[in-house]
2 protein chains.
Amino acid sequence: MTATAYFAAGQDLWEKYQPHLERAFGELGLDVTLAPHAPDPAAVAFIIFAPGGEIEDFTPYTNCRAVLNLWAGVERIVGNRTLTQPLCRMVDPALTEGMVEWVTGHVLRHHLGIDSHILNQDGIWRRDAVPPIARDRPVAMLGLGELGRACGAALAALNFPVMGWSRTARDVVGIECHSGDEGLEHVLRRAEIVVTLLPLTPETENLLDARRLGWLSQGAVIINPGRGPLIEDEALLAALDRGQVKHATLDVFRTEPLPPEHPFWAHPRVTVTPHIAAETRPASASRVVAENIRRSLANEPLLYLVDRARGY
Amino acid sequence: MTATAYFAAGQDLWEKYQPHLERAFGELGLDVTLAPHAPDPAAVAFIIFAPGGEIEDFTPYTNCRAVLNLWAGVERIVGNRTLTQPLCRMVDPALTEGMVEWVTGHVLRHHLGIDSHILNQDGIWRRDAVPPIARDRPVAMLGLGELGRACGAALAALNFPVMGWSRTARDVVGIECHSGDEGLEHVLRRAEIVVTLLPLTPETENLLDARRLGWLSQGAVIINPGRGPLIEDEALLAALDRGQVKHATLDVFRTEPLPPEHPFWAHPRVTVTPHIAAETRPASASRVVAENIRRSLANEPLLYLVDRARGY
């Protein structure tokens, strides 16, 4: 029997994803019909979803075997009480690769002081500021999930001493792991570059508030490709203004697009990037969706199932 | 008997190197006296040298067992006919690491389009230009010596498809190797980012001239941390002006410091950096010098001996 997969992620994504999903279903030999517009809820076996998609009330989808999110972050739907079906995050290999490239690129940009070269092409040969080598530049990776571990490994491969922090204790090869509030203080006091790659949960919201930003060493750099609310905007601006934070490169914000009047745009030591660090690529993401549909139909365990208690 | 090592690399470097050399000699238990100012030539067992150092005529140093260069490049002394003693290049592990960091940082900078974010903090949320992932961005590494191989490996670890080119055929794991003029055309036609890390020899001088720059794909990026004369300045400026080369990041020049009136400084698509990509670090370089002195005194083969015929 043909299974119906409802593409409830909006028209824009439909145009990008439809050919890739059809191809991925074909590659796995799946008998799945892709439905773009509100099919009979009782007939839906799978929901392919993105925040801003078409479903607010999941109650009528009584035969839905899984909700397959196209984004890594699920904070905008995990609290939806009508969503009782199994929910899977997207772990797109291309997304992980893109994130590793973005994080490594911006860590090296700050490590090497590349901005000063881009901005000072004035004919003056300045040899005063040769950076230390990476092995003398401690980096903190806040968050040791799929993305944090991949980025930490890439930075460690470049010889950066990487300290990792996660809410609950973890053990990751090549990374000096810490957890808990004491662990966070230890890590923030020692790092010169801090990368925030935590999921957004009630526990991580405003994790970097005025008190914890106060633990940073003078002149630390913050790079946030995780979620906007991990950092308190006002506290970060204050830390920038007193020079404790030398620069912040931010890819995610409480409100996106970041409003033009937000002080981050005009701050001379903030770089705003438009939520591009973790871009899901339709080709590879479609293969992940197809694989989870195959698993569900074969009664095999789903990949990347969200733990509702933890919220990710 | 105490061996005399003449530090003929100038007063500035003396102050940086003296404590590190003394420590490195001590670590290896060497009985070596470091002489900063023109000792009796016949008493000199080793010469520690840097371009711009104090010796032009090596003839009087008849008992000198080796000339130990503090720089990786030897083109400014290899042609000195009075220099008949064994000559060693510097292969500083920190220098290699620093070069890998600089090259990887600038490749990622261009790959991710970081400049446009640094320069356009204008409140406009531009999501149009998401870069491809690294595995879809071919990179050319011209030069497969110590530094080229290390940089190529770091880029390949980030999934960039790396094509390598060297004058004489080489085989490097993880890099698609080419050689000869035909190989160079193959590589330049396919690469989107080209890194030049060749030694400067009569054969590599002006390697990238107007004809060979004409092989580049439209919008290619050039990154030169090798030697200035590898690229013909005028031909590069012409390729930039017609858009065939989108950007050039140059760390080395025919004349250094690059004169303020040189057109590279003012060109909107050139980034000049002041010969910082390969910075020898006194601590690690001193250990290499000490190790070669130990080897010479023990009649073991010297590390990084220059091949006079090839010029490096």
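Worth saying up front: this structure is predicted, and the values here are computed from it rather than measured.

## Some details on the nonpolar core
Core analysis: the biggest nonpolar cluster contains 60 residues, and Val 103, Val 107 and Phe 160 of chain A together with Val 103, Val 107 and Phe 160 of chain B have the highest contact counts within it. Contact partners of Val 107 of chain B, with chain neighbours within four places excluded, come to Val 139, Leu 155, Phe 160, Ile 193, Val 195 and Ile 223 of chain B.

## Digging into the pairing of strand 1 (residues 3–8) of chain A
All names here are of chain A. Most of strand 1 sits inside the fold, with six of its six residues counted as buried. In strand 1, alternate side chains face the same way, and those of Ala 3, Ala 5 and Phe 7 on one face and Thr 4, Tyr 6 and Ala 8 on the other are all buried. Note: strand 1 against strand 2 (residues 32–35), four bridges, orientation parallel. Residue pairing in the sheet places Tyr 6 in a bridge with Ala 35 of strand 2. One crossover worth recording links strand 1 to the parallel strand 2 by way of helix 1 (residues 11–27), and it is right-handed. Inspection of the sheet shows strand 1 paired to strand 3 (residues 44–49) by five bridges, in the parallel sense.

## A short note on the confidence of the model for chain A
Per-residue confidence for chain A gives a mean pLDDT of 94; residues scoring 70 or more make up 100%. Listed scores for the predicted complex are pTM 0.83 and ipTM 0.82.

## Some thoughts on the domain arrangement of chain A
Accessible area lost upon the coming together of the parts is a frequently used measure of interface size. Residue and element names in this part refer to chain A. According to the domain assignment, chain A consists of domain 1 (3–92 + 280–297) and domain 2 (95–272). With centres defined by C-alpha atoms, the gap from domain 1 to domain 2 works out at 33 Å. On the domain 1 side of the contact with domain 2, Glu 75, Val 91 and Asp 92 bury the most area, a combined 59% of that side's loss. Joining domain 1 to domain 2, the criterion identifies one salt bridge. One salt bridge connects Glu 75 with Arg 227, and the closest N-O pair in it is separated by 2.6 Å. Connecting domain 1 to domain 2 are three residue pairs in polar contact (both at pLDDT 80 or more). Residue classes in the side of domain 1 that touches domain 2 are distributed as two nonpolar, two polar and three charged.

## Overview of the interface of chain A and chain B
Listed by partner, the interface residues are 51 residues for chain A and 51 residues for chain B. Taken together, the links from chain A to chain B amount to four salt bridges. Put simply, Glu 279 of chain B and Arg 127 of chain A hold a salt bridge, and the shortest N to O gap is 2.6 Å. There are 16 residue pairs in polar contact (both at pLDDT 80 or more) connecting chain A and chain B. Where the side of chain A that touches chain B is concerned, the elements lending two or more residues are helix 2 (93–112), helix 3 (114–119) and strand 12 (270–272) of chain A. Per-element accounting of the side of chain A that touches chain B gives the leading share, 13 residues, to helix 2 of chain A. Of the residues belonging to the side of chain A that touches chain B, the class tally is 26 nonpolar, 13 polar and 12 charged.

## What to know about the packing of aromatic side chains
Residue and element names in this part refer to chain A. Overall, the coordinates contain 12 aromatic pairs over all chains when judged by the stated rule. Aromatic pair Phe 7 and Tyr 17: ring centres 6.1 Å apart, planes at 40 degrees, arrangement tilted. With Phe 7 in strand 1 and Tyr 17 in helix 1, this residue pair connects regions lying 10 residues apart in the sequence. For the pair formed by Phe 7 and Tyr 17, the shared burial category is buried. Chaining the aromatic ring pairs together yields one cluster made of Phe 7, Trp 14 and Tyr 17.

## Description of the relation of the copies chain A and chain B
Superposition record for chain A on chain B: RMSD 0.1 Å, screw rotation 180 degrees, translation along axis 0.0 Å. Both chain copies can therefore be described as sitting about a two-fold axis. Of the C-alpha atoms belonging to chain A, the one lying closest to the rotation axis is found on Gly 105 of chain A, 2.9 Å away. Comparing interface residues between copies, 100% of those in chain A also sit at the interface in chain B, which points to an isologous, same-surface contact.

## A word on the sheet that holds strand 3 of chain A
All names here are of chain A. Strand order in the open sheet made by the five strands is 2-1-3-4-5, with parallel pairing throughout. In this open sheet, the two edge strands, each paired with only one partner strand, are strand 2 and strand 5 (87–88). Pairing of strand 4 (residues 66–69) with strand 5, which is carried by two bridges, proceeds in the parallel orientation. Looking across to strand 5, one finds that Val 67 is bridged to Leu 87. Across the sheet, helix 1 is in contact with strand 1, strand 2 and strand 3; its angle to strand 2 comes to roughly 175 degrees. Across the face of the sheet, helix 9 (residues 282–297) comes into contact with strand 1, strand 2, strand 3, strand 4 and strand 5 while running at roughly 155 degrees to strand 3.

## Some thoughts on the packing of helix 1 (residues 11–27) of chain B against helix 9 (residues 282–297) of chain B
Residues and elements named next belong to chain B. Running from N to C, helix 1 and helix 9 point in directions that differ by 45 degrees, and their axes come no closer than 8 Å. Judged by the inter-axis angle, helix 1 sits oblique to helix 9. Classified by chirality, the crossing of helix 9 by helix 1 is right-handed. Contact residues: helix 1 offers Lys 16, Tyr 17, His 20, Leu 21, Ala 24, Phe 25 and Glu 27, while helix 9 offers Pro 282, Ala 283, Ala 285, Ser 286, Arg 287, Val 289, Ala 290 and Ile 293. The class makeup of the residues in the contact of helix 1 with helix 9 is 10 nonpolar, two polar and three charged.

About the criteria used
Residues numbered from 1 in each chain as written. Chains lettered and ligands numbered in written order. Predicted model: local features only at pLDDT ≥ 70, side-chain atom pairs only at ≥ 80, totals over all residues. Heavy atoms only, no water. Core = buried A, V, L, I, M, F, W, Y, C linked by side-chain atoms within 4.5 Å. Buried < 20%, exposed > 50% of the residue type's maximum accessible area, 1.4 Å probe, protein only. Contact = heavy atoms within 4.5 Å. Helix = DSSP H or I, 4+ residues; strand = E, 2+ residues; numbered from the N terminus. Pairing = 2+ DSSP bridges. Right-handed = clockwise from strand over helix to strand, strands pointing away. pLDDT = per-residue confidence, 0-100. Domains from an automatic or database assignment. Buried area = accessible area lost by both parts, 1.4 Å probe. Salt bridge = Lys/Arg side-chain N within 4 Å of Asp/Glu carboxyl O. Polar contact = N/O pair within 3.5 Å; in protein donor to acceptor, adjacent residues only side chain to side chain. Nonpolar A, V, L, I, M, F, W, Y, C, P; charged D, E, K, R; others polar. Phe/Tyr/Trp six-rings, centres within 6.5 Å; stacked < 30°, edge-to-face > 60°. Least-squares fit on C-alpha atoms with pLDDT ≥ 70 in both. Axes fitted to C-alpha atoms, helices over the stretch in contact; angles between N-to-C directions. Parallel < 35°, antiparallel > 145°, perpendicular 65-115°, else oblique. Left-handed = near helix turned anticlockwise from the far one by under 90°.

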